[in-house]
Amino acid sequence: MVKFGVNQSVERKEDFRLVTGTGEYTDDISLEGQLYGYMLRSPVAHAKILSIDTDDARQAPGVVDIILGSELAADKANQLPCMIPLKNRDESDRADPGHPVLATDKVCYAGDNLAFVVAETLQQAKDAAELIMVDFDELDVVVDTKTANASGQPLVHAGVPNNVAFDWAQGDEKNIDDVFSKAAHVVDLELINNRVVVNSMEPRGLIAEWDGDTGKMTVRMGTQGGWVLRSLLANAILHIPEEQVRVITPDVGGAFGMKLFFYSECAVTVWASRKLGRPIKWMGERSDAFLSDTQGRDHVTVAKLAFDAGHKIIGMKVETNANLGAYLSTFGPLIPTMAAVKVLPGVYDIPNFYYHCTGVFTNTVPVDAYRGAGRPEAIYVIERLMDKAARTFGMGQDELRRINFIPASAMPYKTATGCLYDSGEFERLMDRGLESSDWAGFGARKAQSAANGKRRGIGMCYYIEATAGNPTETATIRFEDNDIVTVAVGTQSSGQGHSTAYAQIVAERLGVPFENIRIIQGDTDKIKTGGGTGGSRSLTTQGPAIHAASDEVINKGKELASHFLEAAAVDIEFSAEDGEFAIAGTDRKIGILELAHRARGLGQLPENLAEGLDSEASFTVEAFTYPNGCHIAEVEIDELTGATDVVRYIIVDDFGTLVNPALVRNQVIGGVGQGIGQALTEHTVYSDDGQLLTGSYMDYGMPRADNIPLDLKYETIEVPCTMNPMGVKGCGEAGCIGAPPAIINGILDGLSDLGVYHIDMPATPQKIWNAIQQAS
């Protein structure tokens, strides 16, 4: 085994730099002569704009300019495009009401963007914004997901009847109705998947710098990959060739999907920098994040399972209203439709399926991908249904799942939604989860909790995730003069540990010392293409690309070594363990770093060796990967107060071949923390007039350290993926997919003998207490 190679829990390369304060985030960067931008936001949720008076504000000290939507519109720069086309059930196109960078005629949610103040200092910009007078004619508001498309509701956009952004479906509705009419048993459930605020540790921000001499824009910004942003800025805002826009991504303090998207602050800062010819910095504050970052989830779903007499599932039908907020975000329509539908059947053999999703506009912050992006919503539906069905039939949670699992012998298995599961041993992982959790001994723990005045419940979730995103990634390996090997990648770390995992792959394949490997990311000038990070795609696409580039290095190395060792290339062998090329059967050899150094001194070389060992390769996944696993949660509930604690949590995951088990574990546990937050504490609440009532940490229940159980067991069973050469599956979103249904199922297990059979997230003490009182 190569030291610091694959399948080793190597310590993160990034940590020393980050924890000692030498990381560089967007707010750490300042440019000479930079100005500061401040966004004036709408205080009302829905209103016509009668006038915007900026006269006094323009005279305020330090003010350089105030940008309004009318000025952007005149330059054809006042729209944020939605990148997802979608067909309705009747084959018509989805609604496209537009998404203005700055509002001109009306505002559609509290926090909508009105004016961008540019000044010499941030405080001067804030002071001037208070002098801007906006005259509104307020309109009626709609905020409720379930009723947003009901007759008579206020319209968010005049040209969108019933607030319906799209009316999308997959499957045969007539067939599914026939299946249900013949079912021996039908189990149905109405569910709320609560809206959450992303709350990355580092808020959004950017610095835009226009170079008038070269006609080039440079944007320094925390992103999840700058290439889509470069394209949108070039084509929708600046109207210049894409190569004239450079996006540099420094360190990123968390993203969770939210930093993938194109925002008004980015568009107007960039446009204003070109207009004024000076760098402009805009940094969001926590209040901006609550009011303007895309939010997540927010579905109301009615779901049904049809069973035969032997409790085998014969059909599934799901109807969802998905809240998109006031506008279509960059990828917003994708999340509740094509992203969610992939795994709605979960890990079960469901032959007949129908899913209907209605996307609705409301006077709220736009909704887009949040960690898991449709997959957590889908798994919550199927796993809550399975739990209810088991209780209805008087069966164990494991027993009903076992009857309906897709068997390992059926792999590869094509689901009713068209996904091809290449691998999976679901029953094996569940059995290990039952053993690790001591499921059989739960009764004794429940009795002990009762003796302490608590009700104890146990819940299970078996999740599966479909990784997503751009299927292609490229890696470029370069051997530098100082024995440093750089690897340029098209993904973007925001805390995951990419620099460590990718270096392990290179160390494993090439035998280069781990400490000599540097990962280069986040610069669209230095890296030609990139798919960015999202959908748990990074390792599954970038890893094999690095693997392929390493193979190219080895192939070139054999040819070059044959020159120096005076042997035929076919006689050259490479040892990754030693990092050496050698003539087979002899002790004549040359190290890879020495070879790279000597190759630079050669004169004439064949064209394929002109760059020495430097190599580039791309990899395209044939199909996405399907990580999966069993989560088991035990909860204790105080019947008198409704307070709930997650006291034990057991995870058995299948991520295929692991590169760094410690990184994977940390990713999963972090995701579980977010899942616990959604299940128990996090709730985005709007008043009837569209005001965000949970707009700060005083009101919004972020999960804290004491919400995470001390008794948390984590293990993996490796079932290699067959769709990539490394056998890897994505892991970044798994934790927050499995946790919510496991916890809610556990709560209902603890309360079912009181007559509580349903509760929606978040299961706050008040909600649980009310449910107990109503049942009694």
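From a predicted model like this one, the values you see are computed outputs, not experimental measurements.

(A) Just the state of the cysteines, in detail. Taken as a whole and assessed by the stated rule, the structure comprises zero disulfides. No disulfide involves Cys 108; its sulfur sits 15 Å from the nearest other cysteine sulfur, which is in Cys 82. Cys 630 takes part in no disulfide bond, and the closest cysteine sulfur, belonging to Cys 461, lies 7.9 Å away. Taking relative accessible area as the criterion, Cys 630 reaches 1% and is therefore assigned buried.

(B) Geometry of the packing of aromatic side chains. By the definition in use, this model includes 13 aromatic pairs. Ring geometry for Phe 261 and Phe 331: centres 6.0 Å apart, planes at 65°, overall edge-to-face. With Phe 261 in the loop between β11 (245–248) and α7 (264–276) and Phe 331 in the loop between β14 (313–323) and α9 (335–341), this pair connects stretches of sequence that are 70 residues apart. This pair shows no difference in class: Phe 261 is buried, exactly as Phe 331 is. By the ring-pair criterion, three or more aromatic residues cluster together here, those being Tyr 348, Phe 405, Phe 426 and Tyr 462.

(C) The nonpolar core, seen in detail. Ranked by internal contacts, the top residues of the largest apolar core, which has 131 residues, are Met 316, Tyr 421, Tyr 649, Ile 743 and Ile 747. Per-element accounting of this core gives the leading share, 10 residues, to helix α10 (residues 375–393). If we skip the residues at most four places from it in the chain, Tyr 649 touches His 631, Ile 632, Ala 633, Val 672, Pro 709, Asp 711, Leu 712, Lys 713, Gly 738, Ala 739, Ala 742 and Ile 743. Counting 49 residues, the second-largest nonpolar core is a separate cluster that includes Ile 477, Tyr 502, Ala 561 and Val 728.

(D) Region of interest: the sheet that holds strand β24 (residues 589–591). The sheet built from three strands is open, its strands ordered β22-β23-β24 with antiparallel pairing. Unpaired on one side and paired on the other, β22 (572–575) and β24 mark the two borders of the sheet. Averaged over all neighbouring strand pairs, the angle between strand axes comes to 20°, with direction disregarded. Summarising the sheet, β22 and strand β23 (residues 580–583) pair through four bridges and their orientation is antiparallel. Across the sheet, the residue bridging to Phe 574 is Phe 581, located in β23. Sheet strands in contact with helix α16 (residues 592–599) are β22, β23 and β24, and its direction is about 85° off that of β24.

(E) Spatial organisation of the packing of helix α14 (residues 498–510) against helix α15 (residues 538–565). As a packed pair, α14 and α15 sit with axes 9 Å apart at the nearest point and diverge in direction by 30°. Overall, the two elements α14 and α15 adopt an arrangement that is roughly parallel. In the crossing of α14 with α15, the sense of the turn from one axis to the other is right-handed. Between α14 and α15, the residues in contact are His 498, Tyr 502, Ile 505, Val 506, Arg 509 and Leu 510 and Ser 538, Leu 539, Gln 542, Gly 543, Ile 546, His 547, Ser 550, Asp 551, Val 553 and Ile 554, respectively. Among the residues making up the contact of α14 with α15, the classes are represented as eight nonpolar, six polar and two charged.

(F) Expanded view of the pattern of salt bridges. Counting across every chain of the model gives 54 salt bridges. Note that Arg 41 and Asp 288 form a salt bridge whose closest N and O atoms lie 3.0 Å from each other. In this pair, Arg 41 sits in strand β1 (residues 35–41) while Asp 288 sits in helix α8 (residues 286–292), placing the two residues 247 residues apart along the sequence. On the basis of relative accessible area, Asp 288 is assigned to the buried category, the value being 11%. A salt bridge links Lys 126 to Glu 285, with the shortest nitrogen-to-oxygen separation between them at 2.6 Å. One end of the pair, Lys 126, is in helix α4 (residues 122–129); the other, Glu 285, is in the loop between β12 (280–283) and α8, with 159 residues separating them in the sequence.

(G) Just the side chain of Lys 281, in detail. Mapped onto the elements, Lys 281 comes out in strand β12. The contacts of Lys 281, once residues within four sequence positions are left out, are Thr 26, Asp 27, Ile 29, Ser 30, Gln 34, Leu 35, Tyr 36, Gly 37, Leu 206 and Ile 207.

(H) Molecular detail of the sheet that holds strand β7 (residues 164–171). Within the open sheet, the five strands sit side by side as β7-β15-β14-β13-β8. Their pairing is mixed. Of all the strands in the sheet, just β7 and β8 (185–193) have a single pairing partner and so form its edges. Taking the axes of each pair of neighbouring strands and ignoring which way they run, one obtains an average angle of 10° across the sheet. Of the pairings in the sheet, the one linking β14 to strand β15 (residues 353–360) comprises eight bridges and is parallel in character. Pairing of Thr 320 across the sheet is with Cys 357, part of β15. Those strands touched by helix α5 (residues 173–181) are β7, β8, β13 (299–307), β14 and β15, and its axis lies near 125° from that of β14. In the packing of α10 onto the sheet, the strands contacted are β8, β13 and β14, and the crossing angle to β8 comes to about 135°.

(I) Layout of the packing of α15 against α16. Where α15 contacts α16, the two axes come as close as 10 Å, and the packing angle between them is 70°. The orientation of α15 relative to α16 falls into the category roughly perpendicular. For the element pair α15 and α16, the recorded crossing hand is left-handed. For the pair α15 and α16, the contacting residues are Val 553, Gly 557, Leu 560, Ala 561 and Phe 564 in the first and Ile 592, Leu 595, Arg 598 and Ala 599 in the second.

Calculation rules
Residues numbered from 1 in each chain as written. Predicted model: local features only at pLDDT ≥ 70, side-chain atom pairs only at ≥ 80, totals over all residues. Heavy atoms only, no water. Disulfide = S-S within 2.5 Å. Buried < 20%, exposed > 50% of the residue type's maximum accessible area, 1.4 Å probe, protein only. Phe/Tyr/Trp six-rings, centres within 6.5 Å; stacked < 30°, edge-to-face > 60°. Helix = DSSP H or I, 4+ residues; strand = E, 2+ residues; numbered from the N terminus. Core = buried A, V, L, I, M, F, W, Y, C linked by side-chain atoms within 4.5 Å. Contact = heavy atoms within 4.5 Å. Pairing = 2+ DSSP bridges. Axes fitted to C-alpha atoms, helices over the stretch in contact; angles between N-to-C directions. Parallel < 35°, antiparallel > 145°, perpendicular 65-115°, else oblique. Left-handed = near helix turned anticlockwise from the far one by under 90°. Nonpolar A, V, L, I, M, F, W, Y, C, P; charged D, E, K, R; others polar. Salt bridge = Lys/Arg side-chain N within 4 Å of Asp/Glu carboxyl O.

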